[in-house]
Amino acid sequence: MTLYDDDVVSVENLTSQGFWETDLGDRKVHAVANVAHQQFPQMELHAIPERFRKSEAKGWTAGKTYAVFVCVDSIETRQLIWEAIKDRAAFLTDGRVAAEVIRVLASDRPLHDETYAATLFSAGEAYAGSCTAKMTIYAASIAAGFMLAQFARWLRGQPVTTDQTLNLLAAELSVAGSVS
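## Description of the overall build of the protein
Right, on to step 1. The secondary structure content of the protein amounts to 5 helices and 7 strands.
Right, on to step 2. Moving toward the C terminus, one meets the helices and strands of the protein in the order β-α-α-β-β-α-β-β-α-α-β-β.
Right, on to step 3. Here the C-alpha atoms of the protein give a radius of gyration of 16 Å, agreeing with the 16 Å that 2.2 N^0.38 yields for 180 residues.
Right, on to step 4. Each principal axis of the C-alpha atoms in the protein carries an extent, and together these give about 45 × 45 × 35 Å.
Right, on to step 5. A buried classification covers 33% of the 180 residues belonging to the protein.
Right, on to step 6. Nonlocal contacts in the protein, meaning residues at least 24 apart in sequence, comprise 56% of its contacts between residues at least 6 apart.

See the structure below:
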């Protein structure tokens, strides 16, 4: 597993992203790697305290199967990741959270996927607000669960659900489609 993030843990990340007070000031990738290694000591994990660059995917080893989890708060970064991995990854899932509204997108064929690309838009159209206004820890945890459910479907050779939106306040779930 490889983690990319150039950010450090700050106070506003404690309640919305599940970091501990002892993580304050630490690189986010190192705080996450620490917890992952405590739970799974045998896991091979690379924590890279930098932004993901488009050139990163060019160095991926041929013949390996790559699954990408997009957990970012910028539409520009989503676009950069998509452009870098769409012809190299076998699976992609993207969790988007705004307060209690969760959208999870998935693709089991990024190279041939036009659905995900259609969800990308200009940064000027994106919702603007502070980190704490955009996310709650329970919504983020639910989004992670939905993302892992799509990953499990992909691992089992089942079709993934390409677009799900859950509004927790309205108790509404909408499903836009699945890929076979």
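## Some words on helix α3 (residues 75–85)
Note on helix geometry: an α-helix contains 3.6 residues per turn, so any two residues three or four positions apart are oriented the same way.
Right, on to step 1. Every buried residue belonging to α3 is among I75, R78, I81, W82, A84 and I85, and all of these are buried.
Right, on to step 2. Residue S74 occupies the N-cap position of α3, its side-chain oxygen lying 3.2 Å from the main-chain nitrogen of E76.

## Concerning the pattern of salt bridges
Right, on to step 1. All told, the structure shown has 9 salt bridges when counted by the stated rule.
Right, on to step 2. D7 is the salt-bridge partner of K28, the closest N and O atoms lying 3.1 Å from each other. In this pair, K28 sits in helix α2 (residues 28–39) while D7 sits in the loop between β1 (2–4) and α1 (11–17), placing the two residues 21 residues apart along the sequence.
Right, on to step 3. On the basis of relative accessibility, which here comes to 7%, the residue K28 falls in the buried class.
Right, on to step 4. A residue is classified by how much of its surface remains accessible, and D7, at 33% relative accessible area, is partly exposed.
Right, on to step 5. Among the salt bridges present, the one from R53 reaches E50, with a minimum N-O distance of 3.0 Å.
Right, on to step 6. Among the charged side chains, a salt-bridge network with shared partners connects R78, D94 and R96.

So, how was this worked out
- Residues numbered from 1 in each chain as written.
- Predicted model: local features only at pLDDT ≥ 70, side-chain atom pairs only at ≥ 80, totals over all residues.
- Heavy atoms only, no water.
- Helix = DSSP H or I, 4+ residues; strand = E, 2+ residues; numbered from the N terminus.
- Rg over C-alpha atoms; globule rule 2.2 N^0.38 Å.
- Buried < 20%, exposed > 50% of the residue type's maximum accessible area, 1.4 Å probe, protein only.
- Contact = heavy atoms within 4.5 Å.
- Polar contact = N/O pair within 3.5 Å; in protein donor to acceptor, adjacent residues only side chain to side chain.
- Salt bridge = Lys/Arg side-chain N within 4 Å of Asp/Glu carboxyl O.

No statement about biological role is implied by the geometric values presented.
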